[in-house]
Protein chains: 2
Amino acid sequence: MNVSQPVPAAEGVTDAAGGSSSRVPSDHPGISELFALLAYGEVAAFFRLTDEARMAPDLRGRINMAGMAAAEMGHYELLRDALAARGVDVVPAITRYAPALENYHRLTTPSTWLEALVKAYVGDAMAADFYLEIADVLPDEVAGVVRAVLSETGHSQFVVAEVRQAVMSSGRQRSRLALWSRRLLGEATTQAQYVLAEHDELVELVLSGPGGLGQVADFFGRLQRTHDDRMRQLGLA
Amino acid sequence: MNVSQPVPAAEGVTDAAGGSSSRVPSDHPGISELFALLAYGEVAAFFRLTDEARMAPDLRGRINMAGMAAAEMGHYELLRDALAARGVDVVPAITRYAPALENYHRLTTPSTWLEALVKAYVGDAMAADFYLEIADVLPDEVAGVVRAVLSETGHSQFVVAEVRQAVMSSGRQRSRLALWSRRLLGEATTQAQYVLAEHDELVELVLSGPGGLGQVADFFGRLQRTHDDRMRQLGLA
């Protein structure tokens, strides 16, 4: 694999929040940390989704989940190349984020195929929300990497029909899965807070854009609201 | 996932073997069978490589193997779209090839990381050889699909350095892995013969190109020779 290939500069990203003055400089140390965090997240998601694919009741479900897992490795490769372009050796850089992400997955191991589907969907959506939020405070060429990863999400749409059908025919499933999805958001928020507590440069990054993330509390508030939208889509609200 | 999206027609493929007269018609029933066989092969490879990634001694090895697995899903998606464009529902079509491919993997489960590396490399190379051979007898638009998959291979290069280093420092490893690679080729050949014995339309397809595969025995002979080349690259010949 060619890790030394530079990432092409992002195409012009319009900045609705008020010009490039709200963006952090491209040499902000938090940027490589952010990429490393996201990169480990993609690798962890790859292995978890592949495990969970084995819970599928049929080959079609197994393949859908495998396709989603494979997409995560594509995201990883974008981030790996972006880190290489910043002169960062990817494996040591990402290893320090392993505990938080492995804890999240260990604490949210699905016990049924429906739980696995909801987790895949919620995880994908939370990642997309986070990528979208963070892109707004990043300098253009860095935001380009994040947006490229984001544009690659959406492989989890196959989940919606299957979960909706299950919860429409069973109120008990609906309650169980609604509780499950709240637990997913809760554990993700907890682990995100641990990560921020241990990485000052990441906190600085997410706080540095006045038109962007603003306060961390607002950020988690917005994640909560978009999570609620997703729950409605799944028939779990 | 959008399975109904038609595959764009292949760009002009030059036919060194003597013009399009040596090619089978694009409605040959063996073509969908071939795509189905290859598609299941990609899915099976995805799951096996992901399993074997867990045998890696470190995160770097695990990620390399995961990247290879993810590439197999990309190949699967090309073949799935090609089948959809031919009006074939992919899951039932590929299911009939599951036994042969699962048998191959069951009979060649690696017991060490080095065996896993050699299997990944040999499997990738055998698939590439096969794709290259078969493309020559297919009509242009079909050959385009096969060549697109082929152009996506080559993720297994990371294996060569690691295996060469291991076999150079241990004659015992070298003998073990040489035996292992012969077993891989043997089991692949056996399963390929079972598949051909049960699918007349595939035999017809591989025999139909006078400038292409020619006789099945010749085909297996060529696979053997390119396998020997690969063993030399790995330091196992």
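Identification of chain A as Ferritin-like domain-containing protein from Candidatus Mycolicibacterium alkanivorans is taken from an unreviewed UniProt entry.

Caption draft 1: Inspection of the relation of the copies chain B and chain A at higher detail. With an RMSD of 0.0 Å, the operation that places chain B on chain A is a rotation of 180 degrees combined with a shift of 0.0 Å along the axis. In symmetry terms, the pair is related by a two-fold rotation axis. Within chain B, A70 of chain B has its C-alpha nearest the rotation axis, a separation of 2.1 Å. A shared interface surface links the copies, since 100% of the contact residues of chain B are contact residues in chain A too.

Caption draft 2: Inspection of the packing of helix 5 (residues 113–135) of chain B against helix 10 (residues 216–233) of chain B at higher detail. Residues and elements named next belong to chain B. Two numbers describe how helix 5 lies on helix 10: the axes approach to 10 Å, and their chain directions differ by 140 degrees. Put simply, helix 5 runs oblique to helix 10. Remark: the crossing between helix 5 and helix 10 carries right-handed chirality. Touching Y121, V122, A125, M126, D129, F130 and E133 of helix 5 are F219, R222, L223, T226, H227, R230, M231 and Q233, all from helix 10.

Caption draft 3: Structural detail: the environment of P139 of chain B. All names here are of chain B. Tracing the backbone through its elements, the reader meets P139 in the loop between helix 5 and helix 6 (140–151). Judged by relative accessible area, P139 falls into the buried class, the value being 9%. Apart from the residues within four sequence positions on either side, P139 is in contact with R23, V24, P25, S26 and I31.

Caption draft 4: Here's a closer look at the environment of V24 of chain B. Residues and elements named next belong to chain B. In this fold, V24 is placed in the segment before helix 1 (29–53). Judged by relative accessible area, V24 falls into the buried class, the value being 5%. In this structure the C-alpha to C-alpha distance between V24 and D136, which are 112 residues apart in sequence, comes to 9.9 Å. When sequence neighbours within four positions are dropped, the list of residues in contact with V24 reads I31, V137, L138, P139, L205 and S208.

Caption draft 5: Structural view of the environment of N103 of chain B. Counting through the fold element by element, N103 of chain B comes out in helix 4 (residues 98–107). C-alpha of N103 of chain B to C-alpha of A188 of chain B: the two residues are 85 residues apart in sequence and 9.5 Å apart in space.

Caption draft 6: The pattern of salt bridges, seen in detail. Residue and element names in this part refer to chain B. Counted by the stated rule, this structure contains 18 salt bridges over all chains. For the salt bridge of E33 with R96, the shortest nitrogen-to-oxygen distance reads 3.1 Å. In this pair, E33 sits in helix 1 while R96 sits in the loop between helix 3 (90–95) and helix 4, placing the two residues 63 residues apart along the sequence. With relative accessibility at 12%, the residue E33 sits in the buried group.

Caption draft 7: Examining the packing of aromatic side chains more closely. Using the criterion set out here, one finds three aromatic pairs over all chains in the structure. Measuring from centroid to centroid gives 5.8 Å for F46 of chain A and F46 of chain B, while their planes differ by 70 degrees, and the two rings are edge-to-face. Taken as a pair, F46 of chain A in helix 1 (residues 29–53) and F46 of chain B in helix 1 lie in two separate chains rather than in one. The exposure class of F46 of chain A is buried, given its relative accessible area of 0%. Here F46 of chain B and F47 of chain B contribute two aromatic rings whose centre-to-centre distance is 5.0 Å and whose plane-to-plane angle is 90 degrees, an arrangement assigned as edge-to-face. Looking at F47 of chain B, the relative accessible area reads 8%, which means it is buried. Among the aromatic residues, those joined into a cluster by ring pairs are F46 and F47 of chain A together with F46 and F47 of chain B.

Caption draft 8: Looking closely at helix 4 (residues 98–107) of chain A. Where helix 4 of chain A is concerned, the buried positions are A98, A100, L101, Y104 and H105 of chain A. Against the buried residues of helix 4 of chain A lie helix 1, helix 3 (90–95), helix 5 (113–135) and helix 8 (171–198) of chain A.

Caption draft 9: Seen up close, the side chain of S32 of chain B. Residues and elements named next belong to chain B. For S32, the location among the structural elements is in helix 1. By relative accessible area, S32 is classed as buried at 16%. The contact partners of S32, leaving out residues within four places of it in the chain, are L83, R86 and V88.

Caption draft 10: The arrangement of helix 6 (residues 140–150) of chain A in detail. Within the span of helix 6 of chain A, buried status applies to V142, A143, G144, V145, V146, V149 and L150 of chain A. Lining the buried residues of helix 6 of chain A we find helix 1, helix 2 (59–85) and helix 5 of chain A.

Caption draft 11: Highlighting the interface of chain B and chain A. The interface is formed by 26 residues belonging to chain B together with 26 residues belonging to chain A. The interface formed by chain B and chain A holds four salt bridges in total. Across the pair R60 of chain A and D89 of chain B runs a salt bridge whose closest N-O atoms are separated by 3.6 Å. Viewed at the interface, chain A and chain B are joined by four residue pairs in polar contact (both at pLDDT 80 or more). Taken together, the residues of the side of chain B that touches chain A break down into 16 nonpolar, four polar and six charged.

Caption draft 12: Representation of the side chain of R80 of chain A in the model. All names here are of chain A. Counting through the fold element by element, R80 comes out in helix 2. Of the residues examined, R80 reaches a relative accessible area of 8% and is grouped as buried. A distance of 3.1 Å separates polar atoms of two side chains, one belonging to R80 and the other to D81.

Rules used in this analysis
Residues numbered from 1 in each chain as written. Chains lettered and ligands numbered in written order. Predicted model: local features only at pLDDT ≥ 70, side-chain atom pairs only at ≥ 80, totals over all residues. Heavy atoms only, no water. Least-squares fit on C-alpha atoms with pLDDT ≥ 70 in both. Contact = heavy atoms within 4.5 Å. Axes fitted to C-alpha atoms, helices over the stretch in contact; angles between N-to-C directions. Helix = DSSP H or I, 4+ residues; strand = E, 2+ residues; numbered from the N terminus. Parallel < 35°, antiparallel > 145°, perpendicular 65-115°, else oblique. Left-handed = near helix turned anticlockwise from the far one by under 90°. Buried < 20%, exposed > 50% of the residue type's maximum accessible area, 1.4 Å probe, protein only. Salt bridge = Lys/Arg side-chain N within 4 Å of Asp/Glu carboxyl O. Phe/Tyr/Trp six-rings, centres within 6.5 Å; stacked < 30°, edge-to-face > 60°. Polar contact = N/O pair within 3.5 Å; in protein donor to acceptor, adjacent residues only side chain to side chain. Nonpolar A, V, L, I, M, F, W, Y, C, P; charged D, E, K, R; others polar.

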